[in-house]
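Each chain, letter by letter, is given below.
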Amino acid sequence: MLKPLGNRVIVEVAKEEEKSIGGIVLPSSAKEKSQTGTVIAAGPGRVTDNGVTIEMTVKAGDTVLFEKYAGTEVKYGGTEYLVIKESDIVAILD
Amino acid sequence: MLKPLGNRVIVEVAKEEEKSIGGIVLPSSAKEKSQTGTVIAAGPGRVTDNGVTIEMTVKAGDTVLFEKYAGTEVKYGGTEYLVIKESDIVAILD
Amino acid sequence: MLKPLGNRVIVEVAKEEEKSIGGIVLPSSAKEKSQTGTVIAAGPGRVTDNGVTIEMTVKAGDTVLFEKYAGTEVKYGGTEYLVIKESDIVAILD
Amino acid sequence: MLKPLGNRVIVEVAKEEEKSIGGIVLPSSAKEKSQTGTVIAAGPGRVTDNGVTIEMTVKAGDTVLFEKYAGTEVKYGGTEYLVIKESDIVAILD
Amino acid sequence: MLKPLGNRVIVEVAKEEEKSIGGIVLPSSAKEKSQTGTVIAAGPGRVTDNGVTIEMTVKAGDTVLFEKYAGTEVKYGGTEYLVIKESDIVAILD
Amino acid sequence: MLKPLGNRVIVEVAKEEEKSIGGIVLPSSAKEKSQTGTVIAAGPGRVTDNGVTIEMTVKAGDTVLFEKYAGTEVKYGGTEYLVIKESDIVAILD
Amino acid sequence: MLKPLGNRVIVEVAKEEEKSIGGIVLPSSAKEKSQTGTVIAAGPGRVTDNGVTIEMTVKAGDTVLFEKYAGTEVKYGGTEYLVIKESDIVAILD
């Protein structure tokens, strides 16, 4: 299992052909890469300089829209994931 | 539904031909892209390093003027939206 | 009405021919663009990371001197305004 | 013994041929350098400007996934280690 | 009257021929522009993110030495002034 | 005597021929310059914006491993030292 | 008299021929400019965003070693001084 640190989130990126499922269509300039996915795991939150832990808003199971070029790709158990900071998540698709 | 995170706001950008509606005329250099729109949804506000949530000023239904080139475009249900941070909103048009 | 957000201020820029009115003469390098104007509306103030609102010093009616190239131009009701942050205002002309 | 300072962590980098052990396969662009390893020692944590020590999440024995190009390589007792900041550790592999 | 905002200071720059008055001789590389002057008016001080106003050290009448290239030039009532931040003032000449 | 200020540390750099003493062998790319040394004197610690002094971890006599290119070289009493900030010290060799 | 502001320090730079006095010999690359001097006057200390004044460590009379290229040169009463921030002072020579 991947346990993300801080405010990092593990996202399973939506496949390109699913791009219009759920009503989301990204603009043409973003066609090469999907910007939506499902949260697999979320870190405990960022700890600030005051020792405060900022709780996460997203949780496992959420469908999220994230900034282009955000995160780091990893493969785990044959599936490709994106490790991304919550601050790069734009919105939750409800 | 798009639920924006932090201090992000979902804006439906005003169409170019509506540019002079409500008395707003943007200068010629900005003609290619509208800088006004209607807020569809607003995030809960930015959480600072002290764990304080800075409440949002704009709310759904507000007409706003925002900085040029601000935000990220997304399409949802056939409509194009702009996801923008409140700090890039210049003024509310009342 | 334009209601500026945060520490933004709506300024009606002084016309070039008014440049020497009130005794202010700007240096030659600034002749292309006036750096003085009248405050039309002022935001509620910047909210800091501690949740403190820093109150504004300038208010509607003040004549102000601002930094060159500061702010964003908008037209509203046929008049051109400058939306500017208070931190880019140099001095109040009293 | 190497005692890392602040939020630094001593990592024994996984050998290239172990790359698929535990189910982790990194994408082709990362093939030149492994991004996983075992924590040998962890510092006491970063001390912030408020004098607060931010406790470490990773501990000796953890298998971790870290950012590409992170850290400084050192050899100690014939083994090559990576000294890396915890903020450059993406996730713990559990 | 010019009422400077924040930690800004209005300075009447010393004329070039006064450069050696009071014993100050600036190095040759600074000969094009005087770096000393008299404070005409001082702002109330910078307000920090904690809502604290940092009181000014310089006051009207002080002779000050400031960093090269600091500030913004304005003319007021026929006299040229420099509007400068206190943090760009190096020392008070006593 | 050299009394370092803030979080600075005076280090006597290990000679190149001592590079493998204690089991430390640095990678080939670092061969031109040693990255280990002995602490001769340590400052009182960095004072933060809150007036807190962050106590030093290293002390005189410690053998330390530091970042490449860190610090400023000085000679004192015929010996060459490196003045380095504690934040550039990677680990203590115990 | 020069009264430095904030954490600035007025230093009388040691003459080149005094470079080896007191046992300090700077490396060849620094030969063009002395990096040691005597403190003539020290400011009251830097005021932080919390309104805290960070007291100065150096005082008039101290011999100090400072970073290369630090500070601003001024001449006063025929003597050349360096105005330098305490954070650019490396160590006190005792």
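Further up the page is the structure itself.
Note that the coordinates shown come from a computational prediction; the quantities given were computed from them, not determined experimentally.

Peer 1: What is the right way to look at the overall build of chain A in this model?
Peer 2: Secondary structure assignment for chain A yields zero helices and 10 strands. For chain A, the sequential pattern of α-helices and β-strands runs β-β-β-β-β-β-β-β-β-β. Within chain A, the proportion of its 94 residues that are buried is 46%. By sequence separation, contacts in chain A at least 24 residues apart represent 63% of the contacts at least 6 residues apart. As displayed, chain A has an accessible area near 4500 Å², and 49% of this comes from carbon and sulfur atoms.

Peer 1: Explanation requested: the relation of the copies chain D and chain F in the structure shown.
Peer 2: Superposing the two chain copies requires a rotation about an axis and a translation along that axis. For the pair chain D and chain F, the best superposition has an RMSD of 0.0 Å and corresponds to a rotation of 51° with a translation of 0.0 Å parallel to the axis. Mapped onto chain F, only 11% of the interface residues of chain D again fall at the interface, so the copies present different surfaces.

Peer 1: Just checking my understanding: could you explain the relation of the copies chain D and chain A for this structure?
Peer 2: At an RMSD of 0.0 Å, chain D and chain A line up after a rotation of 51° and a shift of 0.1 Å along the axis. Little of the interface of chain D is mirrored in chain A: 8% of its interface residues are interface residues there too.

Peer 1: Mind showing me how you'd approach the interface of chain D and chain F here?
Peer 2: Of the residues lining the interface, 19 residues belong to chain D; the matching set on chain F comes to 25 residues. Buried surface at the junction of chain D and chain F, both sides included, amounts to about 1700 Å², of which 55% is carbon and sulfur. A per-residue breakdown of the area chain D buries against chain F is headed by D:Leu5, D:Arg8 and D:Asp49, which together make up 32% of the total. The interface formed by chain D and chain F holds three salt bridges in total. On the surface where chain D and chain F come into contact, there are 11 residue pairs in polar contact (both at pLDDT 80 or more). Only strand S1 (2-4) and strand S8 (72-76) of chain D provide two or more residues apiece to the side of chain D that touches chain F. A total of five residues in the side of chain D that touches chain F trace back to one element, the largest contributor, which is S8(D). Among the residues forming the side of chain D that touches chain F, the class breakdown is eight nonpolar, six polar and five charged. Pairing of S1(D) with strand S10 (residues 89-93) of chain F involves three bridges; the strand directions are antiparallel.

Peer 1: Just to check I follow, could you spell out unusual backbone geometry for this structure?
Peer 2: All names here are of chain D. A positive phi angle, near 65°, is found at tyrosine 69, a position not held by glycine. As for its position among the elements, tyrosine 69 is in the loop between strand S7 (63-66) and S8. The exposed category is assigned to tyrosine 69, whose relative accessible area is 73%.

Peer 1: Looking at this structure, how should I read the environment of F:Pro4?
Peer 2: Tracing the sequence through the fold places F:Pro4 in strand S1 (residues 2-4). In this structure, the C-alpha to C-alpha distance between F:Pro4 and F:Val83, residues 79 residues apart in sequence, is 7.8 Å.

Peer 1: When you look at the interface of chain D and chain A in this model, what are you seeing that I'm missing?
Peer 2: A common way to state how big an interface is: give the accessible area lost once the parts meet. Across the contact, 25 residues belong to chain D and 19 residues belong to chain A. Run the count over chain D and chain A and you get three salt bridges. The closest approach of N and O atoms between D:Asp94 and A:Lys3, which form a salt bridge, is 4.0 Å. At the boundary of chain D and chain A, one finds 11 residue pairs in polar contact (both at pLDDT 80 or more). Among the elements that take part in the side of chain D that touches chain A, strand S10 (residues 89-93) of chain D stands out by supplying five residues, more than any other. Classifying every residue of the side of chain D that touches chain A gives 13 nonpolar, seven polar and five charged.

Peer 1: Would you take a moment to explain the pattern of salt bridges for this structure?
Peer 2: Two side chains with opposite charge may pair up if their charged atoms get near one another. Tallied over the entire structure, the rule returns 28 salt bridges over all chains. The salt bridge partner of A:Glu67 is B:Arg8, with a shortest N-O separation of 3.2 Å. One end of the pair, A:Glu67, is in the loop between strand S7 (63-66) and strand S8 (72-76); the other, B:Arg8, is in strand S2 (residues 8-13), on a second chain. Take A:Glu67: its relative accessible area is 22%, and that puts it in the partly exposed class. The exposure class assigned to B:Arg8 is buried, which follows from its relative accessible area of 7%. In this structure, E:Arg46 and G:Asp49 form a salt bridge, with 3.1 Å as the shortest nitrogen-oxygen distance. Residue E:Arg46 is located in strand S5 (residues 46-47), and its partner G:Asp49 is located in the loop between strand S5 (46-47) and strand S6 (53-54); the two belong to separate chains.

Thresholds applied
Residues numbered from 1 in each chain as written. Chains lettered and ligands numbered in written order. Predicted model: local features only at pLDDT ≥ 70, side-chain atom pairs only at ≥ 80, totals over all residues. Heavy atoms only, no water. Helix = DSSP H or I, 4+ residues; strand = E, 2+ residues; numbered from the N terminus. Buried < 20%, exposed > 50% of the residue type's maximum accessible area, 1.4 Å probe, protein only. Contact = heavy atoms within 4.5 Å. Areas by Shrake-Rupley, 256 points an atom, 1.4 Å probe, with all protein chains shown as cover. Least-squares fit on C-alpha atoms with pLDDT ≥ 70 in both. Buried area = accessible area lost by both parts, 1.4 Å probe. Salt bridge = Lys/Arg side-chain N within 4 Å of Asp/Glu carboxyl O. Polar contact = N/O pair within 3.5 Å; in protein donor to acceptor, adjacent residues only side chain to side chain. Nonpolar A, V, L, I, M, F, W, Y, C, P; charged D, E, K, R; others polar. Pairing = 2+ DSSP bridges.

Worth remembering: the numbers are spatial, not functional.
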